[in-house]
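Notes for the structure review
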Amino acid sequence: MKNTIIFIVVLIILGVGVYYFVFNKSYINNTMNTNINTTDTTAESGMVVNIKDFAFNPSTLNIKAGTKITWINNDQAQHKIISVSDEAGPSSDVLSQNDTYTYIFKKAGNFEYRCSFHPSMTGSVVVTE
Ligand SMILES: [Cu+2]
């Protein structure tokens, strides 16, 4: 009788172990697939903002959440993108000529930004779900 109970307890522990193993494996697979899909989507829908003659072009962009935007500095002058909105937004290092900066807008909102060195250089990105 005692042996039977121990046997059943061992079976239950094994069963739970197998269940968790299978569950975690499918969970990891789902997470990986989601990441791959996200990467593919943003790679396809990436957009470019050219920095030229002390201006962002286009200065206003309407995009879907998850879109990647790359800024390219075509000026000889250095520029640096900083966010003006309250929410976290694009924030680059100092961009010398031909340097690029990429930011993925994950959340919906109205994101205003400007050049840190030249306050008259402004741009905005309107992100919808
Ligand atoms: Cu600038």
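Predicted model, so just to flag it, every value in this text is computed and none were measured. (Residues numbered from 1 in each chain as written. Predicted model: local features only at pLDDT ≥ 70, side-chain atom pairs only at ≥ 80, totals over all residues.)

**Some points on the sheet that holds strand 5 (residues 81–83)**
The condition that has to hold: Strand pairing is assigned whenever DSSP identifies at least 2 bridges connecting the two strands. Secondary structure elements are taken from DSSP: a helix is a run of H or I of four residues or more, a strand is a run of E of two residues or more, and numbering for both begins at the N terminus. Fitting a line to C-alpha atoms yields each axis, with helices limited to the stretch in contact; the angle taken between N-to-C directions then spans 0 to 180 degrees.
Across the sheet, which stays open at both edges, the four strands sit in the order 3-8-7-5 with mixed pairing between neighbours. The strands lining the two open edges of the sheet, one partner per strand, are strand 3 (60–64) and strand 5. Adjacent strand axes in the sheet meet at a mean angle of 25 degrees when their direction is disregarded. Sheet analysis places strand 7 (residues 109–115) next to strand 8 (residues 122–128), joined by six bridges and oriented antiparallel. Within strand 8, the position partnered with Arg 114 by the bridge is Thr 122.

**Quick word on the nonpolar core**
As a reminder of what qualifies: We define a nonpolar core as a collection of buried residues of the types Ala, Val, Leu, Ile, Met, Phe, Trp, Tyr and Cys that are connected via C-beta atoms lying within 7 Å of each other. To sort residues by burial, count the other C-beta atoms lying within 10 Å of each one's C-beta; a count of 20 or more means buried, 12 or fewer means exposed, and anything in between means partly exposed. C-beta atoms are built from the backbone. A pair of residues counts as a contact when their C-beta atoms, built from backbone coordinates, are separated by no more than 7 Å.
Of all hydrophobic cores here, the largest spans 16 residues; its most connected members are Ile 69, Trp 71 and Phe 105. Elements with a minimum of two residues in this core: strand 1 (47–51), strand 4 (67–73), strand 6 (100–105), strand 7 and strand 8. Not counting chain neighbours up to four residues away, the residues in contact with Trp 71 comprise Val 49, Ile 51, Ile 81, Ser 92, Thr 100 and Tyr 101.

**Topic: the pairing of strand 7**
In the sheet, strand 5 pairs with strand 7 via three bridges, with the strands oriented antiparallel. Note that in strand 7 the partner of Ile 82 across the bridge is Arg 114. Linkage of strand 7 to strand 8, two consecutive antiparallel strands, is achieved through a turn of six residues.

**Details of the pairing of strand 6**
Side chains Tyr 101, Tyr 103 and Phe 105 of strand 6 all project onto a buried face; the interleaved residues Thr 100, Thr 102 and Ile 104 project onto a face where none is buried. Here strand 4 pairs with strand 6 via six bridges, running antiparallel. Looking across to strand 6, one finds that Thr 67 is bridged to Phe 105.

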